[in-house]
Amino acid sequence: MKKVTVGCMAMALAVFFSGCSSDAGVQNQTASPPVKEVQNTGTKPKQSVDNSSTYNQIASYMEEESKKAFSPYYELLEFTLSDYEEKTVDGKVEATFGYQVKYKNFEKDPGTVDYIKAAKEKNDPNYQKLYDEYLQPKDMNFHLKAVIEDANYITLYTNVGIKGIQWEKAVMSDFILKK
């Protein structure tokens, strides 16, 4: 748990770090168009350069899992897979990649948000900044590995290494702060 939190702190916004789920493998049943880098807003990819079916499977899986995990909390704008590298290890496809989710808070008057109201009441010097940034798009960034065990089964890992690479099983909901 601490390893996931520490590793992700360097990769994502602090509001998304927390506990781990033991169910790290999830069935994947969809595929997206062939692409090397996907920047997708739920429609078509912006750039098509690679015909890798496993890449397509992973890109689709990541978008689906990100929507399940984060859409109750944020409006999701884009999903980007980058620095994709794939190899076969012990008959399984292993892919490492950078993953970015562009998001923003749901449309709401920032002055009605509890932490912004509290900052105003306390004359917090950061009040105006919090108010101004509330509706601005932000990025979540991850360094991930996906292992395709069978044709439709993907296990996701996150890099928790502070220096170097240390993979630990994860699901996208692991990156949500839970109270």
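Computed from a prediction, not measured in an experiment: that's the story for all the values here.

Criteria and cut-off values
Along each chain, residues carry numbers from 1 onward, in the same order as the chain's sequence is written. In keeping with the predicted nature of the model, local features appear solely for residues at pLDDT of at least 70, side-chain atom pairs appear and are counted solely at 80 or more, and the whole-chain, interface and lining totals rest on all residues. Only hydrogens and water are set aside when side-chain values are computed; all heavy atoms of the structure are taken into account. A pairing counts as a salt bridge when a side-chain nitrogen of Lys or Arg comes within 4 Å of a carboxyl oxygen of Asp or Glu. Helical segments are the DSSP runs of H or I of at least four residues, strand segments are the runs of E of at least two, and each set is numbered from the N terminus. Categorising residues by exposure relies on relative accessible area from a 1.4 Å probe, with only protein chains included: less than 20% of the type maximum marks a residue as buried, more than 50% marks it as exposed, and the intermediate range marks it as partly exposed. pLDDT: the predictor's confidence for each residue, scored from 0 to 100. When checking whether two residues touch, look at their non-hydrogen atoms; a contact exists if any pair is within 4.5 Å. For Phe, Tyr and Trp, rings pair up if their centres lie within 6.5 Å, where Trp contributes its six-membered ring, and each pair is then called stacked (planes under 30 degrees apart), edge-to-face (over 60) or tilted (otherwise). Two limits define a charge over a ring: the Lys NZ or Arg CZ must be within 6 Å of the ring centre, and within 35 degrees of the ring normal. Residues belong to one nonpolar core when they are buried, are Ala, Val, Leu, Ile, Met, Phe, Trp, Tyr or Cys, and are joined through side-chain atoms within 4.5 Å.

In the structure shown here, the tally under the stated rule is seven salt bridges. Aspartate 139 serves as the salt-bridge partner of lysine 102, at 3.0 Å between the closest nitrogen and oxygen. Taken together, the residues lysine 102 in strand 4 (residues 92-104) and aspartate 139 in strand 5 (residues 138-150) connect sequence positions 37 residues apart. Take aspartate 139: its relative accessible area is 26%, and that puts it in the partly exposed class. Put simply, lysine 104 and glutamate 107 hold a salt bridge, and the shortest N to O gap is 2.2 Å. For lysine 104, a relative accessible area of 11% puts it in the buried group.

Reading predicted coordinates in detail is not appropriate for stretches of low pLDDT. When pLDDT is averaged along the chain, the result is 76, and 71% of the positions lie at 70 or above. Taken as a whole, residues 1-51 scores under 50 in pLDDT and shows 133 contacts with residues more than four places along the chain or in a different chain.

As a further point, take the packing of aromatic side chains. In total, this model carries six aromatic pairs according to the counting rule given. With a centroid separation of 6.0 Å and 50° between ring planes, the pair formed by tyrosine 127 and tyrosine 131 is classed as tilted. One end of the pair, tyrosine 127, and the other, tyrosine 131, are both in helix 4 (residues 127-133), four residues apart, so they sit about a helical turn from each other. Three or more aromatic residues joined by ring pairs make a cluster, and in this case those are Tyr55, Tyr84 and Phe97. Cation over ring: lysine 145 sits above tyrosine 157, and NZ or CZ is 5.2 Å from the ring centre.

Among all residues save glycine, negative phi is the norm, and among peptide bonds the norm is trans. Here aspartate 83, not a glycine, exhibits a phi torsion of approximately 50°, which is positive. In this structure, aspartate 83 sits in strand 3 (residues 75-89). Taking relative accessible area as the criterion, aspartate 83 reaches 66% and is therefore assigned exposed.

So, on to the environment of lysine 67. Positionally, lysine 67 belongs in helix 2 (residues 53-70). Residue classification places lysine 67 among the partly exposed positions, given a relative accessible area of 35%.

One finds Ile58, Met62, Phe70, Phe97, Tyr99, Phe142 and Met172 to be the most contacted residues of the largest nonpolar core, which totals 29 residues. No other element matches helix 2, which puts seven residues into this core. Ignoring sequence-local partners within four residues, the contact set of isoleucine 58 consists of Tyr84, Ala95, Phe97, Ala146, Ile148 and Ile154. Judged by nonpolar contacts, the second largest core, of five residues, contains Ile116, Ala119, Tyr127 and Tyr134.

Another point: the environment of threonine 80. Along the chain, the position of threonine 80 falls in strand 3. Residue threonine 80 is classed as buried on the basis of its relative accessible area, which comes to 7%. Each C-alpha atom of the pair threonine 80 and glycine 98 lies 8.0 Å from the other, and the pair is 18 residues apart in sequence.

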